[in-house]
Structures are given as structure tokens and as C-alpha cells.
Amino acid sequence: MRMTRASTEKSRSQQVIERRDFQLLLDALMAKGYRLIGPRARDGALVYDEIAAVADLPVGLTDEQERGTYRLKAGDPERLFGCGLGPHSWKKYLYPPELRLWQAQRQNGNMTIVPEPHAPERLALIGMRACEIQALAVLDKVLLGGAYVDRAYQAQREQVLVVAVNCGRAGKTCFCASMNSGPRASTGFDLALTEVLERDRHYFVVESGSKVGADVLSAVPTSPALEADLQKANAIIEQTAGQMGRSLDTHRLQEMLYASTESPVWDEVAARCLTCGNCTLVCPTCFCTTVEDYTDLTGETGSRVRRWDSCFTMDFSYIVGGHVRASARARYRQWMMHKLATWKDQFGTSGCVGCGRCITWCPVGIDITEEAQTIRAQNEAKQDTGTRRKKTS
Ligand code: SF4
Ligand code: SF4
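The model shown is predicted, which means the values in this text are computed figures rather than measured ones.

Calculation criteria
Residues numbered from 1 in each chain as written. Chains lettered and ligands numbered in written order. Predicted model: local features only at pLDDT ≥ 70, side-chain atom pairs only at ≥ 80, totals over all residues. Heavy atoms only, no water. Pairing = 2+ DSSP bridges. Helix = DSSP H or I, 4+ residues; strand = E, 2+ residues; numbered from the N terminus. Axes fitted to C-alpha atoms, helices over the stretch in contact; angles between N-to-C directions. Buried < 20%, exposed > 50% of the residue type's maximum accessible area, 1.4 Å probe, protein only. 1 Å grid on protein atoms, 1.4 Å probe; cavity = no way out; pocket = protein on both sides within 12 Å on 5 of 7 lines; lining within 4 Å. Points joined across faces, edges and corners; volume = space filled by probe spheres on them. Nonpolar A, V, L, I, M, F, W, Y, C, P; charged D, E, K, R; others polar.

**Q** Please explain the sheet that holds strand 13 (residues 289-295) as it appears in this structure.
**A** Strands belonging to one sheet form pairs held by backbone hydrogen bonds; the direction of such a pair is parallel or antiparallel. The sheet built from 4 strands is open, its strands ordered 7-6-14-13 with antiparallel pairing. Lying at the two open borders of the sheet, with one neighbouring strand each, are strand 7 (110-115) and strand 13. Averaged over neighbouring strand pairs, the angle between their axes works out to 20 degrees when direction is ignored.

**Q** Please explain the pairing of strand 9 (residues 160-165) as it appears in this structure.
**A** Here is the key point about a regular strand: its side chains alternate between the two faces of the sheet. Most of strand 9 is tucked away: 6 of the 6 residues are buried. Of the two faces of strand 9, the one lined by V160, V162 and A164 and the one lined by L161, V163 and V165 are each fully buried. Sheet analysis places strand 8 (residues 123-128) next to strand 9, joined by 5 bridges and oriented parallel. Bridge pairing in strand 9 places L123 opposite V160. Pairing geometry for strand 9 and strand 10 (residues 191-197), over 3 bridges, is parallel.

**Q** Help me understand the layout of surface pockets in this model?
**A** Think of a ball as big as a water molecule: rolled over the atoms, this probe shows where empty space is left. Considered as a void within the structure, the largest pocket measures approximately 330 Å³ in volume. Considering the residues around the largest pocket, the lining is formed by 21 residues, among which R79, F81, G82, G168 and R169 are closest to the centre. Secondary structure elements with two or more residues in the lining of the largest pocket: strand 4 (61-66), strand 10 and helix 7 (227-241). Here the lining of the largest pocket takes 4 residues from strand 10, the largest share from any one element. Across the lining of the largest pocket, the residue classes break down as 7 nonpolar, 9 polar and 5 charged.

Keep in mind these numbers describe shape, not what the thing actually does.
Structure (C-alpha cells):
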């Protein structure tokens, strides 16, 4: 096939970075004052942490995921982004697990409130996947889109640069294709990379999604993407879309869940659920928090701290002398209903982006896609019975 310089608008905005120059991309970001956060292998899992060099990435590793199962293992020895998602999500950098909101000091018999400065840092998030970008968009709606803006989140969000990586492989618990959130990053990034690894060449097709991204790219050796490069990158993403380990039928899902509030499925899942809250802690969109106040022993200083909480804890639904959701049945139903149904009413989007983390990291392997399918099947069976009864009467 004859190779031509790509001539469409789309292809003009795409470049190629050779693998040997990838470090120069990281260097260019650091030179612009960004602290780099990216995937690293630690304690047998992929985590997000500070990186500075290509060698910090999980080079040559891949993972194996299934319900309640996660293993890192050897993959293509040269590949930089061969691992899927680990237990961390990027929200910890924008919406930290623990945040001091203010301190108070007693001075001359009066209490003075000392606000926290919440100094944001310039962060470049390297390797964000399409579903995680969608999760950030969901958090933006929740934390920035209403009457009460989360100022700490807002300040940090404005300092974030996103270097996305289009997925070259779907995990067995992934279902982003069902949720229209991946595997291609189509918006919300400054740069988006597709890793192409061939026998004799290793390179990245890179697309700029913002002026900031284009500026960074201008400091890195690149060449214009050829049509053949674009075709290879597209083929990789399309192949990933066809490999999803899970799927979720979203047709009338919200309506169906609302019709199933008393379904026996909630009892069945409650018999397995440990109410450990793992699913909420690994979820990139869960945002529930609690607030705790502390004082020192002298009572001279105090502070108020916000911490991640979970709708699976008993205390989370404690209101004026009672637990609103005292049973595991009520708590699992609340979580799943919120993700797939009530979130839409509240924020206009699904609360689930199909990342699959809650399936992988549930210690007893409860699978949100399977529970939704069971509810759908029961719902449809109920409707069939109703229709048959009508016909015979
Ligand atoms: S569904 Fe799984 S991860 Fe979530 S609370 Fe229950 S046991 Fe824990
Ligand atoms: S509910 Fe599960 S699959 Fe959906 S976004 Fe949260 S962790 Fe990912």
C-alpha cells in the first residue's frame, strides 16, 4: 500500500512520537513545571504515583483480572502501557481521601478559624484511560456543576493536564463500550496516545486535544502521522472495543431498576455482600465523604477533616437516632440504584463508566453487570407472566 502524508483535518492534528523519544515527552512536561503522576507497579498491583522516567512505568507488564481476582504478570517486554486499570483511580489527586477543611485556634478566650490554603499543584496525569476521563467528567458535574462548588477540587482540576492512553487491550471486567465511555479517548484530554508495537518499530500516535497539549508536543521530536500509522492505531482501538470482558444492557435500565425496588435479587446479593465498601473505594466516581472534628488535649486548637466514606458503612446512613439503611440489602440496592439510575436524575449522566474495578476488587466477586442482568431477566419474566394472564382472562 502506498503511504501518503495524512491530509485530513483529523490526521493533521496527529503526530508520531518514536519510543526512543518518549522520555523527551516526560521531560517536556517536567520542564513546564508539571509533577508527573502515572502508573507504576507496586506490591503486586498497578498504582498511580509520581513518575519521572520511562523506567518508572510498568514496562513489560500486563494484568489478569476477573471477578475478585487481580494479578500482574509478564506481557510484551517492550510495552509501556500493557496493564489495564489497577485499584487506584485518579480521583485521589483531585478529591483526596483525607482533606483538612480548616483549623481553629483559641486566642485570648476567642476562637479564630484558620482556613486551609488548598494550594493546587500542576499535575500531568500520564496514562489516563477513556473511561477514567469520563469518570472525571462525571465528578466535574457532581462537584462543580451544582449550586455548591467544591473549591478544593475546582482549584486542583484547573491545574491538571491529561495525557490519555487509548486502550490496546480490554480487561475481562471492562465494559466501557456498553457505557459509551471508551476504549477511545475522544474528549477531555490534552494529549492522547495510542501505543503501536511492531516487530521492528515501537511508536505512539499522538493527538493534541488542547492548546496546552499542542505546546507540550512542540517541544518533543515528532513526525506527522502517516495514514498507515492512523490505520494501525484505529485498528488497535477497534479491536479493544470488540474484546470487552463484560457488557451491560443499558436499554431502559433506569426504568427497569425503578420497577425492581422490591426484587428478591437484593436479598440474594445481600447474602454474599460483606458490606466492606471496597467497590465504593475503588470506584472513580464515588464521592461520598464524612466530616470529623478533632481537638488537641489542651483544647487550644481544633480541626475539621473531610474523609472518603462509603454508603456501605452503617454510620453513613445514621440520622437522628437510627440507621436509614440498616441491612446489606438496603445498602447494596442504594449503591447500585445510585450508580445506574438515580445518578441520572441527580446529575444527568450515569454514575458508572464501566471501568470494572468494583467487579475485580469485590472480595466475593459480586458483579454489577450480572446483577443488572438478573434483575432485567426477572423483570421481563414478570412482564411476560402479566401479559399471559391478561390474554387468558
Ligand atoms: S459488593 Fe463486594 S466490594 Fe461492595 S461492599 Fe459488597 S462485598 Fe464489598
Ligand atoms: S460502578 Fe464499578 S464499573 Fe462502574 S465506574 Fe464504579 S467501579 Fe467502575
